[in-house]
Amino acid sequence: MPGIDKLPIEETLEDSPQTRSLLGVFEEDTAAISSYFSQLFKAMQRIYDAQNELSAATHLTSKLLKDYEKQRFPLGGDDEVMSSTLQQFAKVIDELSSCHAVLSTQLADAMMFPITQFQERDLREIVILKEVFQISSDDHDAAINRYSRLSKRKENEKVKNEVMEDVYTSRKKQHETIMHYFASLNMLQYKKKIALLEPLLGYMQAQISFFKLGSENLTQQWEEFLTNIGTSVQNVRREMDSDAEATEQTIQDLKAASDPLYMPDPDPNQIPVNRNLTRKAGYLNTRYKTGLVSSAWERQYFFTQGGNLMSQSRGAVAGGLVLDIDNCSVMAVDCDDRRFCFQITAFDGKKAVILQAESRKDCEEWIATINNISKRIYLSENPEEIAARVNQSALEAVTPSPSFQQRHESFRPSTQGRSKTGRSGSQCSAGSESPALSSLSLDSLVAPDTPIQFDIISPVSEEHTSQAKSGAQGRTNPFGESGGSKSEESEDSILHQLFIVRFLGSMEVKATESADVIYETMRQILAARAIHNIFRMTESHLLVTCESLKLIDPQTQVTRLRFPLSSVVLCASHQENKRLFGFVLKTAGGREDGRPVTVCYVFESNNDGEKICDSVGLAKQIALHSEMDRKATQKQRELDKAKEKQQEELHKQKQIEKDLEEQSRLIAASSRPGQPAADGQILVLSNSQSEDSDAGEEGQKKGESEA
């Protein structure tokens, strides 16, 4: 049997318009099944009631079975196996229509009972569940409306608890009802086949039993065919039972997992707010005007798609555009004495929508999601385009509302504050001078209150300043190099690549594990430049070698900054604006307390940023291989020295053994005085040997005198 189309029980709690549309298809299929089985039931009823008209009734049944492939079930598809099976049934029933008579009891037990049970129990159960589901859905909508109208200013705890309990009960009832309704509709796809095949199988078995399986029309081939059909029915039944068990287990699991979600305003400690979403969908109440001063609220299904906010009402085929959220601003507002309201304003300020979420968590997630989408689009633009579009609305667009009790206008910096910090210098504090920028920084990536440096400080000016402050002491380079002795690059470096870059800014960061720290630094630097109207950028030549990265002045060819390649721990380009790239450097001893400092530098290039990052990666690989070769050569030299030392020790040992053998031979020769050597040569002893022999003779004479 081919696969069975099913309704997704997992999506019943969300109750989206797509799920409702799919439910409508299943309900149309149920109506078609009911209509078709009604005709089939009448046909079989005629077989049972009028045995005199058995031939005509079986002919009608055969005709209906032949017309099965012409039926258009919305979920039936091209079931060739079922169509072929029914065609075979139609053929054999047509052959037996003129000569078969069926006993009433056998027909009642084998043919009429399954199809009657299917109509009176299964189809009726679908109708009842549909009515119950409609009632529970209406109750849930009414409870949601009462809950949405709860006063924010005059909160009555008793009324609030009663309304929340009503929402909990109605939502739970609706969820359980729709899950059972979906399960029954899914099971109907199996029962449809069983209810279609089992009565036919019972009818044929009754005919075979009546004629004692000896009719000339029933050959061995037909018996095998019926056996195969019976096996198929049992397989479908086993598959249905297995699916029913799995569906029941799924319902139990979903009930247990969805219990906290029935509460409209859950405890944030149990279900934390996810502020990293870039896509979100769900039901919201939207406010629209009904007159000059009057307004009303309507509950619709909202979802984000790309850079747009879409809405879709129940029964609608597709969603419609509500607002373009490119660089929009979002804030929590107070409206019509309703809770959890927020307003989305377009970038140009010409259009705004006010929406009400179901809970504080839902409201905060919607605000965070829209901010994340607007932030992502904001970063994908060029710095010049950002600077041209920055105004007060742009400042609001990058400022999320941290509290539902404060108005969004409290985050707008005053004109006096902006005039003091607008162009006060090339170095500004993102935490102290720009509260909007500070609210966007992620504590896990960038340290709070971190200043942003927009200019490249010349090493020479730094050295003079440091010497003026510390006297004769030399300047300490933040990369661990001495200010007085400048180490030049080796001219025989394998890699030399030059790129034209423009320095956007740098700031100290905390994390170096992923490229997110570079993306966050880019966002903060670009936002700070736009807010403070800093458009000037320093152009330099970036020289990538196997030893370091150099920023060279294109006019004077003087090295402005030099970064040792070993201190570069991360390099990445922006995912959307490929001209932006940055790298993270970790330096030792950059603070007064000796702790390492991690700084992220951001540049804009005329080339693709990925090419520069690939060049830096290639340089690090070459440097790594060179270091490995150097260590291998040094280790080989140490092994050669150890081997030479071992050979020398072995040579000394052999020389000592040779001297000992020579000494032993001389001592043995000296113990026989008066005997010339074998060749008549005279043995000459050394001084030590002579002294030993004299001492031996004196000892021998003394022994003889004592004896």
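All values reported here derive from a predicted model rather than from experimental measurement. The residue count restarts for each chain, going from 1 along the sequence in the order it is written. Local features are withheld for residues below a pLDDT of 70 in this predicted model, meaning they are given only at 70 or higher, and side-chain atom pairs are given and counted only at 80 or more; totals for whole chains, interfaces and linings count all residues. Derived side-chain values reflect all non-hydrogen atoms in the structure, with water molecules and hydrogen atoms excluded from consideration.

Chemist: Would you take a moment to explain the overall build of the protein chain for this structure?
Modeler: Each helix is a run of DSSP H or I of at least 4 residues and each strand a run of E of at least 2, with the numbering of both proceeding from the N terminus. Check the secondary structure of the protein chain and you find 15 helices and 16 strands. Residue pairs in contact within the protein chain that sit at least 24 positions apart in sequence constitute 69% of those at least 6 positions apart. As presented, the protein chain carries roughly 38,400 Å² of accessible surface, and 49% of it is formed by carbon and sulfur atoms. Here, two residues are considered to be in contact whenever any of their heavy atoms come within 4.5 Å of each other. The protein chains shown are the only cover counted for residues, whose accessible areas, like all others here, come from Shrake-Rupley with a 1.4 Å probe.

Chemist: For this particular structure, what's the right way to read the sheet that holds strand β4 (residues 320-324)?
Modeler: Consider a sheet: its strands pair through backbone hydrogen bonds, and that pairing is either parallel or antiparallel. By the convention used here, strands pair only if DSSP detects at least 2 bridges between them. Taking strand neighbours across the sheet as the criterion, the seven strands line up as β4-β3-β2-β1-β7-β6-β5 in an open arrangement whose pairing is antiparallel. Strand pairing shows two members of the sheet lacking a second neighbour, β4 and β5 (329-335), which therefore form its edges. Taking the axes of each pair of neighbouring strands and ignoring which way they run, one obtains an average angle of 40 degrees across the sheet. Seen against the sheet, helix α4 (residues 104-148) touches β1 (281-289), β2 (295-305), β6 (338-345) and β7 (352-356) and runs at an angle of roughly 85 degrees to β6. Axis definition: a line fitted to C-alpha atoms, limited for helices to the stretch in contact. Angles are taken between N-to-C directions and run from 0 to 180 degrees.

Chemist: Teacher, can you tell me more about helix α2 (residues 54-66) here?
Modeler: At 3.6 residues per turn, the α-helix brings residues three or four places apart onto the same side. Taking 1.5 Å as the rise per residue, α2 with 13 residues should run 18 Å; its terminal C-alpha atoms sit 18 Å apart, in good agreement. All of the buried residues in α2 are L54, A57, T58, T61, S62, L64 and L65. End-on, the buried residues of α2 take up no more than an arc of 160 degrees, which puts them together on one face. As for α2, its buried residues are in contact with α1 (17-49), α3 (80-96) and α5 (157-210). Here the expected length of a helix is defined as 1.5 Å per residue gap, with one fewer gap than residues. Note on exposure labels: buried denotes an accessible area under 20% of the residue type's maximum, exposed denotes more than 50%, and partly exposed covers the range between, all computed with a 1.4 Å probe on protein chains only. Summarising the geometry, the arc corresponds to the directions from the helix axis toward the C-beta atoms.

Chemist: Any chance you could explain the environment of Y601 here in plain terms?
Modeler: Mapped onto the elements, Y601 comes out in strand β16 (residues 597-605). Taking C-alpha positions, Y601 is 5.4 Å from G582, a pair spaced 19 residues apart along the chain.

Chemist: Would you explain the packing of aromatic side chains in this entry?
Modeler: What characterises a pair of aromatic rings is the spacing of the ring centres plus the angle enclosed by the ring planes. Side-chain rings of Phe, Tyr and Trp, where Trp is taken by its six-membered ring, are said to pair if the distance between their centres is within 6.5 Å; with planes under 30 degrees apart they count as stacked, over 60 as edge-to-face, and otherwise as tilted. Inspection of every chain in the model, using the stated rule, returns 15 aromatic pairs. Pairing F583 with F603 gives two aromatic rings, centres 5.5 Å apart and planes at 25 degrees, and the pair type is stacked. With a gap of 20 residues between them, F583 in strand β15 (residues 580-587) and F603 in strand β16 connect regions that are remote in the sequence. In this pair, the class of F583 matches that of F603, namely buried. Each residue in the set F503, F563, F581, F583, Y601 and F603 is aromatic and connected to the rest through ring pairs, giving one cluster.

Chemist: I would appreciate a short explanation of empty space enclosed by the protein in the present structure.
Modeler: Using a probe with the size of a water molecule, rolled over the atoms, empty space left in the structure can be pinpointed. In this analysis, the protein atoms alone were mapped onto a 1 Å grid. Cavities are point sets where a 1.4 Å probe fits without being able to get out; pockets are open sets with protein on both sides within 12 Å along at least five of seven lines; lining residues have an atom within 4 Å of a point. Grid points are joined across faces, edges and corners, and a volume is the space filled by probe spheres set on the points. Within this structure, the stated rule accounts for five cavities of 30 Å³ or more. Here the largest cavity defines a volume of roughly 120 Å³. Taken together, 13 residues make up the lining of the largest cavity; nearest its centre are S148, N285, Q356, A357 and E358. If you list the elements that add at least two residues to the lining of the largest cavity, you get α4, β1 and β6.

Chemist: Mind showing me how you'd approach the confidence of the model for the protein chain here?
Modeler: Caution applies to low-pLDDT regions: their predicted coordinates should not be interpreted in detail. Each residue carries a pLDDT score, the predictor's own confidence in it, on a scale running from 0 to 100. Scored by pLDDT, the protein chain comes out at a mean of 75, with 75% of its residues at no less than 70. Considering only residues more than four positions removed or in separate chains, one finds that residues 676-693, a stretch of pLDDT under 50, has eight contacts.

Chemist: Whenever I open this one, the environment of D608 confuses me. Can you help?
Modeler: Relative to the elements of secondary structure, D608 occurs in the loop between β16 and α14 (609-670). D608 sits 30 residues away from K578 along the chain, and the two C-alpha atoms are 5.7 Å apart.

Chemist: Please explain the pattern of salt bridges as it appears in this structure.
Modeler: Think of it this way: side chains of opposite charge can pair up when their charged atoms draw near. A pairing counts as a salt bridge when a side-chain nitrogen of Lys or Arg comes within 4 Å of a carboxyl oxygen of Asp or Glu. By the definition in use, this model includes 25 salt bridges. K152 is the partner of D334 in a salt bridge, and the nearest nitrogen-oxygen pair spans 2.9 Å. Residue D334 is located in strand β5, and its partner K152 is located in the loop between α4 and α5; the two are separated by 182 residues in the primary sequence. D334 sits in the partly exposed class, given a relative accessible area of 46%.

Chemist: So what exactly am I meant to see when it comes to unusual backbone geometry here?
Modeler: Negative phi values dominate among residues other than glycine, just as trans dominates among peptide bonds. Of note in the backbone geometry, D15 takes a positive phi value of approximately 55 degrees without being a glycine. For Q557, which is not glycine, the phi torsion reads 60 degrees and is therefore positive. Along the chain, Q557 turns up in the loop between β12 (548-552) and β13 (559-564).

Chemist: How do you make sense of the pairing of β15 when you look at a structure like this?
Modeler: Remember that side chains alternate between the two faces of the sheet whenever the strand is regular. Among the eight residues in β15, seven count as buried, and that is most of the element. Where strand β14 (residues 568-573) hands over to β15, the hairpin turn is made up of six residues, counted between the paired strands. Relative to β16, β15 is paired through eight bridges, and the arrangement is antiparallel. By the bridge assignment for β16, T587 is matched with V597.

Chemist: In this structure, what is going on with α4? I would like to understand it.
Modeler: For α4, built from 45 residues, the straight-helix expectation of 66 Å at 1.5 Å per residue is met to within 8% by its first-to-last C-alpha distance of 62 Å. Along its length, α4 reaches its greatest deviation from straightness, about 50 degrees, at M112, and the proline P114 lies no more than four positions downstream. Two axes enter the bend calculation: one fitted to the seven residues ending at the residue in question, the other to the seven starting there, and the bend is the angle between them.

Chemist: Could you clarify how one ought to interpret the pairing of strand β3 (residues 308-312) in this entry?
Modeler: The element β3 is extensively covered by neighbouring structure, given that four of its five residues are classed as buried. As paired strands, β3 and β4 are joined by four bridges and run antiparallel to one another. Bridging from a neighbouring strand, M310 pairs with L321 of β4.

Chemist: What is the right way to read the packing of α4 against α5 from this model?
Modeler: The description of two helices packed together rests on the angle between their axes and the distance between the axes. In the contact formed by α4 and α5, the axes pass within 7 Å of each other and the chain directions differ by 165 degrees. Between α4 and α5, the angle is such that the two are roughly antiparallel. Seen along the crossing, α4 lies across α5 with a hand that is left-handed. Three residue categories are used. Nonpolar comprises Ala, Val, Leu, Ile, Met, Phe, Trp, Tyr, Cys and Pro, charged comprises Asp, Glu, Lys and Arg, and polar comprises the others, including Gly. Its residues placed into classes, the contact of α4 with α5 shows 26 nonpolar, 11 polar and 11 charged. Oblique is the label for any angle not under 35 degrees, not over 145, and not in the 65 to 115 range, which are roughly parallel, roughly antiparallel and roughly perpendicular in turn. Crossing chirality is assigned from the near helix's rotation relative to the far helix, an anticlockwise turn below a right angle marking it left-handed and a clockwise turn marking it right-handed.

Chemist: How should the packing of α1 against α5 be read in this particular structure?
Modeler: Across the interface, α1 lies against α5 with an axial gap of 11 Å and an inter-helix angle of 30 degrees. By the angle class used here, α1 and α5 are roughly parallel. In the packing of α1 onto α5, the handedness of the crossing is left-handed.

Chemist: Would you mind showing me how to read the environment of I115 here?
Modeler: With respect to the helices and strands, the residue I115 is situated in helix α4. With relative accessibility at 0%, the residue I115 sits in the buried group. For the pair I115 and F41, spaced 74 residues apart in the sequence, the C-alpha separation amounts to 6.7 Å. Residue contacts for I115: discarding those within four places in its chain leaves F37, L40, F41, M44 and P199.

Chemist: Which parts of the structure should I look at to understand the state of the cysteines?
Modeler: A covalent bond between the sulfur atoms of two cysteines is referred to as a disulfide. Disulfide assignment relies on a single distance test, namely cysteine sulfur atoms paired within 2.5 Å. A full pass over the atoms with the stated rule returns zero disulfides. Counting only cysteine sulfurs, C613 is the nearest neighbor of C571, a cysteine outside any disulfide, at a range of 3.1 Å.

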